[in-house]
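Structure at a glance
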Amino acid sequence: MAPKLGLALGGGGARGLAHIGVLKVLEEEGLAADFVAGTSVGSLIGALYCCGYGWRELQELASTTDWSDLVTFTVPRLGLVNARKLERLVDRLVGGRTVEQLPIPFRAVAVDITAGEEVVLDRGPVSRAVRASASIPGIFEPTPWEGRLLVDGGLLDNVPSAVARDMGAQVVLAVNLSGERVKSRPPENILDVVIYSLEVLIHGQGLKGTAAADVRVVPDLEGFSYRNLGRWKEMVERGELAMRAALPGLRRRLRRR
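The model shown is predicted, which means the values in this text are computed figures rather than measured ones.

All right, on to the packing of helix α1 (residues 18–28) against helix α2 (residues 41–51) then. The interhelical angle for the contact between α1 and α2, taken along N-to-C directions, is 35 degrees, at an axis separation of 10 Å. Taken as a pair, α1 and α2 cross one another with a handedness that is right-handed. Residues H19, I20 and L23 of α1 touch α2, and the partners they reach there are G42, I45 and Y49. Split by residue class, the contact of α1 with α2 holds four nonpolar, two polar and no charged.

Two faces make up the sheet, and in a regular strand the side chains alternate between them. Taken together, the five bridges between strand β5 (residues 106–112) and strand β6 (residues 117–121) define a ladder with antiparallel strand orientation. By the bridge assignment, A108 is partnered in β6 with L121. What sits between β5 and β6 in their antiparallel hairpin is a turn of four residues, with G116 showing a positive phi close to 70 degrees.

On to the environment of T65. Take T65: it is sitting in the loop between α3 (55–64) and β3 (72–73). For the pair formed by T65 and L229, sequence separation is 164 residues and the distance between their alpha carbons is 8.1 Å.

Turning to the nonpolar core, a few remarks are in order. Membership of the largest hydrophobic core comes to 68 residues, with the highest contact counts inside it found for L7, V36, L121, L173, M243 and L250. For this core, the leading source of residues is helix α8 (residues 232–256), giving nine residues. If near-sequence neighbours (up to four positions away) are discounted, V36 is found in contact with L7, L9, G46, Y49, C50, I104, P105, F106, R107 and M167. Listed in part, the 12 residues of the second largest apolar core include A8, V172, A174 and A213.

This paragraph deals with the pattern of salt bridges. Taken as a whole and judged by the stated rule, the model has 15 salt bridges. Between R128 and E87 there is a salt bridge, with its nearest N and O atoms 2.8 Å apart. Taken together, the residues R128 in helix α5 (residues 126–133) and E87 in helix α4 (residues 84–93) connect sequence positions 41 residues apart. A relative accessible area of 13% places E87 in the buried class. Note that R231 and E234 form a salt bridge whose closest N and O atoms lie 3.1 Å from each other. Among the residues examined, R231 registers a relative accessible area of 29% and is labelled partly exposed. What makes E234 partly exposed here is its relative accessible area of 33%. Residues participating in the shared-partner salt-bridge network are K24, E28, E29, E240, R244 and R251.

Reading the values: rules and limits
- Residues numbered from 1 in each chain as written.
- Predicted model: local features only at pLDDT ≥ 70, side-chain atom pairs only at ≥ 80, totals over all residues.
- Heavy atoms only, no water.
- Axes fitted to C-alpha atoms, helices over the stretch in contact; angles between N-to-C directions.
- Helix = DSSP H or I, 4+ residues; strand = E, 2+ residues; numbered from the N terminus.
- Left-handed = near helix turned anticlockwise from the far one by under 90°.
- Contact = heavy atoms within 4.5 Å.
- Nonpolar A, V, L, I, M, F, W, Y, C, P; charged D, E, K, R; others polar.
- Pairing = 2+ DSSP bridges.
- Core = buried A, V, L, I, M, F, W, Y, C linked by side-chain atoms within 4.5 Å.
- Buried < 20%, exposed > 50% of the residue type's maximum accessible area, 1.4 Å probe, protein only.
- Salt bridge = Lys/Arg side-chain N within 4 Å of Asp/Glu carboxyl O.

Structural measurements only, silent on function.
Shown next as structure tokens:
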């Protein structure tokens, strides 16, 4: 019996488009995931993959989507923007499905901002789970969920390898979009300060999750912004290059199992 392959797709804002390149290689090599766990943008790409979207469809979405399609500025109270647009878009793309209804088992990772604990979303609307997992604190408003307020899972688990393994994966492939933490310039405004601070935290959490995987994919995304969606084609290519480099190791792991 073939071993069960799990994907742990990390967070990283706009850099998440590199996940598409990873999925492209897996699809071309005839390797399908049995389980997917995603954090933040990893939950978005992962949910669509689990719903049946191939890399070409995901790339088409990437080429036609901008931040204005995903968020709306709001009066600052708990965040600068809300992501109800993102929730509506995902709901349309997945046909209103719940997490339990996806063809491939899926989990989205978020954090209860009040309790300070990780929350693994394994049920309920896919669209709300993705929104919660991607609600960057201080920028996005927290997402209400069963009496909790949830924010981006990257605060505690930016590359959810352990979640994928708990789902039943025997071989875990982790994709870390935040492998480097070197800045060429200091922050210039309050938004930069918030983002830089989150990057410091997420970088450390990503290293822990990546170390827990069997196969590690760390695309070279130095110089790519967490906010700029315009360089989507280059980021897809970087993800593809990194996955091709990791492919022999993945095949060895799958054979060994």
